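Inside the fold
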Amino acid sequence: MDLNIILLILGGLANVFIVLLVAPFFQGLLRVITARVIQSRQGPPIWQSYYDTFKLLGKEDIESGEAPVMQRFATYLSLASILTVGCLVPMGFRSPMNGAGDAILLIYLLTLSGICMLLAGLAAGSTYSLVGISREMMTMLTLEPLFAITIVIAALNTQSFRLDTVLNGAVYQSAGFPVSGIIMLGVMLLAFQAFVARVPFDISEAETEIMEGPLIEYSGPKLAIFKYAQMAKLIVFSGLFIGLFVPWGSDLVFPFGWILFWVKVFILVIMVTVLAATHARYRIDQAIRYFAALLAVGIVALILASNGF
Amino acid sequence: MDARARLNQLKEKFGSSILRADFPNDRRLYVYVEPQALKAVCRYVFRDLDARYVISVGADDRPYSGTFMVYHDFAFDKDKILSSIIVQLPADNPKVDSISDIIPGANWAEREIRDMFGIEPVGHPYPKRLILPDGWPDGLHPLRKDMDWNHVPKDFDEDREFSFGETPPGCTVVPFGPFHPTLDEPAHFRLYVEGEMVRGCEYRGFMVHRGIEKLSETVLSYNDVPMMAERICGICGCVHSVAYVQAVENAAAIKAPPRAEYIRSIMLEIERLHSHLLWVGLACHLVGFDTLFMQSWRIREPIMWMAEKITGNRKTYALCLVGGVRWDITLELRTELRLLLDKLESEWKPVVAAVVKDKNIQKRTSDVGVADKQFCKEMGLVGPVARAAGVDIDCRRDHPYAAYDRVEFDVITHDTSDVWGRVVVRAKEVFESIRIIRQCLDKMEPGPLMLDITEELPVGRQGLSSVEAPRGESHHFAITGENNKPRRWRVRAPTYQNLQGVPGMIKDQMIADMTISLGSIDPCFSCTDRMETIDIKSGVTKVWSQDELFRLVRAKNQG
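Note that the structure is predicted; figures quoted are calculated from it, not measured.

1. Considering the overall build of chain A
Per the secondary structure count, chain A includes 11 helices and zero strands. Counting from the amino terminus, chain A carries its helices and strands in the arrangement α-α-α-α-α-α-α-α-α-α-α. Computed over C-alpha atoms, the radius of gyration of chain A comes to 19 Å, within 12% of the 19 Å expected from 2.2 N^0.38 for 309 residues, which places it in the range of a compact globule. Seen through its C-alpha atoms, chain A measures out along the principal axes to roughly 55 × 50 × 40 Å. In chain A, 78% of the contacts between residues at least 6 apart in sequence involve partners at least 24 apart.

2. Considering the overall build of chain B
Broken down by element type, chain B carries 20 helices and 16 strands. A compact globule built from 559 residues should have a C-alpha radius of gyration of about 24 Å, and chain B, at 23 Å, falls within 12% of that. Buried positions account for 53% of the 559 residues belonging to chain B. Looking at chain B alone, contacts between residues at least 24 apart form 68% of all its contacts between residues at least 6 apart.

3. Thoughts on the nonpolar core
Generally speaking, nonpolar side chains in soluble globular proteins are found buried as a group. One finds Ala-232 of chain A together with Leu-191 of chain B to be the most contacted residues of the largest nonpolar core, which totals 257 residues. Top contributing element to this core by residue count: helix α9 (residues 220–245) of chain A, with 17 residues. Mapping this core onto the domain boundaries places at least three of its residues in each of domain 1 (1–127) and domain 2 (235–330 + 356–526) of chain B. Not counting residues up to four positions away in its chain, the partners in contact with Leu-191 of chain B are Val-174, Phe-176, Val-198, Cys-201, Ile-511 and Met-514 of chain B.

4. A short note on unusual backbone geometry
The amide bond that connects Val-199 of chain A to the next residue, Pro-200 of chain A, takes the cis arrangement and shows omega of 0 degrees. Along the chain, the position of Pro-200 of chain A falls in the loop between α7 (179–195) and α8 (207–210). Of note, the phi angle at Ala-402 of chain B is positive, near 45 degrees, even though the residue is not glycine. Here Ala-402 of chain B lies in the loop between α14 (395–398) and α15 (419–443). Residue classification places Ala-402 of chain B among the buried positions, given that 25 C-beta atoms sit within 10 Å.

5. Topic: the environment of Phe-147 of chain A
All names here are of chain A. With respect to the secondary-structure elements, Phe-147 resides in helix α5 (residues 127–158). Residue Phe-147 is classed as buried on the basis of its 22 C-beta neighbours within 10 Å. Between the alpha carbons of Phe-147 and Phe-241 there is a distance of 9.9 Å; along the sequence they are 94 residues apart. For Phe-147, the contacting residues outside a window of four places in its chain are Ile-107 and Leu-110.

6. What to know about the domain arrangement of chain B
Accessible area lost during the coming together of the parts is what is often quoted as the interface size. Residues and elements named next belong to chain B. Per the domain assignment, the segments of chain B are domain 1 (1–127) and domain 2 (235–330 + 356–526). Measuring from the centre of the C-alpha atoms in domain 1 to the corresponding centre in domain 2 gives 26 Å. The partner domain 2 presents 20 residues to the 22 residues of domain 1 that form the contact. If you list the elements that add at least two residues to the side of domain 1 that touches domain 2, you get β2 (28–33), β3 (52–60), β4 (67–76), β5 (81–90) and α4 (107–117).

7. What to know about the pairing of strand β9 (residues 188–194) of chain B
Residues and elements named next belong to chain B. Buried residues dominate β9, accounting for six of its seven residues. In the sheet, strand β8 (residues 172–176) pairs with β9 via five bridges, with the strands oriented antiparallel. Within β9, the position partnered with Phe-176 by the bridge is Phe-189. The pairing of β9 with strand β10 (residues 197–204) spans seven bridges and is classified as antiparallel.

8. Structural notes on the sheet that holds β9 of chain B
All names here are of chain B. Spatially, β8-β9-β10-β16 is the arrangement adopted by the four strands of the open sheet, whose pairing is antiparallel. Of all the strands in the sheet, the pair left with one neighbour each is β8 and β16 (509–510). Sheet strands touched by helix α16 (residues 494–506): β10 and β16. Its angle to β10, the strand with the most contacts, is close to 165 degrees.

9. A short note on the confidence of the model for chain B
Residue and element names in this part refer to chain B. Summarising the model, chain B shows a mean pLDDT of 86, and 93% of its residues fall at 70 or more. The low-confidence segment residues 529–559 (pLDDT under 50) makes 58 contacts with residues lying over four places distant or belonging to another chain. Scoring of the predicted complex yields 0.82 for pTM and 0.72 for ipTM.

10. Side note on the environment of Ala-120 of chain A
Residue and element names in this part refer to chain A. Inspection of the secondary structure assignment puts Ala-120 in helix α4 (residues 103–124). Classification of Ala-120 as buried rests on a count of 29 C-beta atoms within 10 Å. On a C-alpha basis, the gap between Ala-120 and Val-37 in space is 35 Å, while along the polypeptide they are 83 residues apart. Apart from the residues lying within four places of it in its own chain, the contact partners of Ala-120 are Gln-71, Ala-74, Thr-75, Pro-214 and Leu-215.

11. Some thoughts on the packing of helix α10 (residues 331–357) of chain B against α15 of chain B
All names here are of chain B. Between α10 and α15, the least distance of the axes is 10 Å, while the angle of their chain directions is 160 degrees. Between α10 and α15, the crossing angle belongs to the class labelled roughly antiparallel. Between α10 and α15 lies a crossing of left-handed hand. Residues Arg-334, Leu-337, Arg-338, Leu-341, Leu-344, Glu-345, Trp-348, Val-352, Val-355 and Val-356 of α10 pack against Val-423, Val-424, Ala-427, Val-430, Phe-431, Ile-434, Ile-437, Arg-438 and Leu-441 of α15. A breakdown of the residues in the contact of α10 with α15 according to their chemical character gives 15 nonpolar, no polar and four charged.

12. Things to note about the sheet that holds β5 of chain B
All names here are of chain B. Overall, mixed pairing links the five strands, which are arranged β1-β2-β5-β4-β3 in an open sheet. The open sheet has two free edges, formed respectively by β1 (18–25) and β3, since each of these has just one partner strand. On average, each strand axis in the sheet is tilted by 20 degrees relative to the strand beside it, whichever way the strands run. In this sheet, β5 lies alongside β4 in antiparallel orientation, the contact comprising 10 bridges. Paired with His-72 across the strands is Ile-85, a residue of β5.

13. Details of the confidence of the model for chain A
Scored by pLDDT, chain A comes out at a mean of 85, with 96% of its residues at no less than 70. Mean pLDDT across the elements of chain A bottoms out in α8 of chain A (56) and peaks in helix α2 (residues 48–57) of chain A (94).

14. Quick look at the packing of helix α1 (residues 3–38) of chain A against α9 of chain A
All names here are of chain A. Remark: α1 packs on α9, axes separated minimally by 8 Å, with the N-to-C direction vectors making an angle of 95 degrees. With respect to their mutual orientation, α1 and α9 come out roughly perpendicular. Counted together, Val-19, Val-22, Ala-23, Pro-24, Phe-26 and Gln-27 of α1 and Tyr-228, Met-231, Ala-232, Leu-234, Ile-235 and Val-236 of α9 form the full contact between these two elements. Partitioned by chemical class, the residues of the contact of α1 with α9 number 11 nonpolar, one polar and no charged.

Calculation criteria
Residues numbered from 1 in each chain as written. Chains lettered and ligands numbered in written order. Predicted model: local features only at pLDDT ≥ 70, side-chain atom pairs only at ≥ 80, totals over all residues. Helix = DSSP H or I, 4+ residues; strand = E, 2+ residues; numbered from the N terminus. Rg over C-alpha atoms; globule rule 2.2 N^0.38 Å. Contact = placed C-beta atoms within 7 Å. Buried ≥ 20, exposed ≤ 12 C-beta atoms within 10 Å, placed from the backbone. Core = buried A, V, L, I, M, F, W, Y, C linked by C-beta atoms within 7 Å. Domains from an automatic or database assignment. Pairing = 2+ DSSP bridges. Axes fitted to C-alpha atoms, helices over the stretch in contact; angles between N-to-C directions. pLDDT = per-residue confidence, 0-100. Parallel < 35°, antiparallel > 145°, perpendicular 65-115°, else oblique. Left-handed = near helix turned anticlockwise from the far one by under 90°. Nonpolar A, V, L, I, M, F, W, Y, C, P; charged D, E, K, R; others polar.

Okay, structure coming up:
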């Protein structure tokens, strides 16, 4: 086989490996900061998310939902789709598999990872999971378009869907002053918490209200994979956000660009943590109204971008 | 108006239907009426005299008077009177007119009388089982004097199920309970849901009923009962033990010494502090705001330590006996308590300020779980739930007991009738409790803690006592009896009434608001369920059999 292709694949896998390695660490960071700084308590050790994952992987897998085969499929697909996105996202260096896909593929993969949650809830078939996925569906319908708008603005500006242009601050490369880019920066900052599904936007899995929602019939290894997928989402979405909106400095020579990237991820995780710890969960209708407002602003930005701003 | 004046009002209207009346003091009134006139009298008292419905109690008086008795308790809060409208029913055919169509809040009480005594409430809109498990055989009524406390019925039917009503068209059934992460105790709310909106709700509870009232009549004595009474509830134990001893003291016309009364007040307020702080944290947790949950409980912890220093236990104080209290508050404890209150006040002020200003919490709690003034009156809702609707009731001021007539405090009300109002009321009541404890500590004089009771208590006397628990009015009724034990003891916890209001509060609201609406009444199921048939525990589990549970969980659209 062509050496280039092998290197390409290995490079992509390196990204995946980094995401897998690092995702529980950032989750642990989130938990420790929430506990010690904000909630005046001891909290878990920073490696706790690793321990939890190993513990869950070792448990008995009780298949109690309506359609166990579909449940398995949904589980594996959820982690797989996020990790595939991870292959394409630049993590401090240009992703080796950049040429393997474009921005449209990115949108599809992200939608796919959302759909996995829907599949999971449907396959489980319990009343609570059905309520949970109806909330997830409503959230996805109003939230995914924001991401699509960003991509379209980037494409309008640079006439290209290629990942190494789109994920390199293309939103700011409009002919006139990049008003649309700045607007979308604000909008995506406000929507970031919802993309990574943390309080106040973890509505579909509100455990005090609908008992974990879609994940209600998942235990042991399957639950571990879902939790892993959620942790990985935080990293991958941070990477996407950085690539789209704050890419400056990532073309510094290795290792500086690489370190700068992880510093930016750290800052985003802190932002998510603080927001999560200082807010109550929104109700689905309140959240939808919030997203709809953001969507309206996003459409204004799209119109501006198509007119050169 | 005092008790005599109220009696005269009734006599004017009903004349010969009033058979007899007792008013042992200005604040208690017991009126015996003819069974045919009962409904008219209750309607008059509830609507025209604007009394508050408290509870209905049944009693098996056949060994003494050959009759069954039914008591309908009402409170004239402005006059500080607790009263009872009483009927005596023939032993062979105990039937009584149901008052639930006039007073919807009497729904459960009448069903309980039916389950426990076999007294049929004629005309009851919902004559289903309340307390007894579904498999319990018909015709066997536990609180009758001829049934032993440890009797195990042979023909318990495991497969008999509770007959829920029809699902309204277009609705899915979403079962809430018996197991749910939000509920600490088992209860079943059968929600009829259309999309995300709740259209109706049926409640089936009493899964951990423990037989306390039967035990108090049979195997326990006067001074054993307070120790059991405080185990009725996992948070408000002191309230029940104080209310019980006060009911017996009221019946026997004895008064605890002043220092004991101050100590009772102090411990009751300490209990209110820890309960409200717990609740505010819990409410925040229910809406997903864990930070405030953690902080509230951190601020609450020193109160638990203080209670342990005074009584030896964080929650179950073993405080009361008939005629006094068992623990004293020494000078060192008084100093520590004062310091604790200062620190608590200074830490709680910023929390209240943060909560009151927080738009996030307000959004989740405004216009949620609405129970307005009219609804509160019809259902007999009490406590912060009623006060948040602007109903100005508080037993500490309306029916003063212990040392509350000697201290000054404000009754906090709010006017929004929703969960937000209840949050504000509870958060502010913390400051009033601190104020009361400080005044008690200042005014307490040295003296005896226990009354020296040298004679047997008089037999066959009735006593009523209403104590303001953190959740509302806790009302106890006692009839003194022979052999150093009560003849009858009825506990009406505030949650007993407030739970009946929940279906109305959650109707036409979203499912997401179900937990916070339920949580806003601060439900204490262990106060509400008071009898469990211990030997049939495995049977009870089987009633909610695997089939039933699976069907509930996997219920698809049944419209």
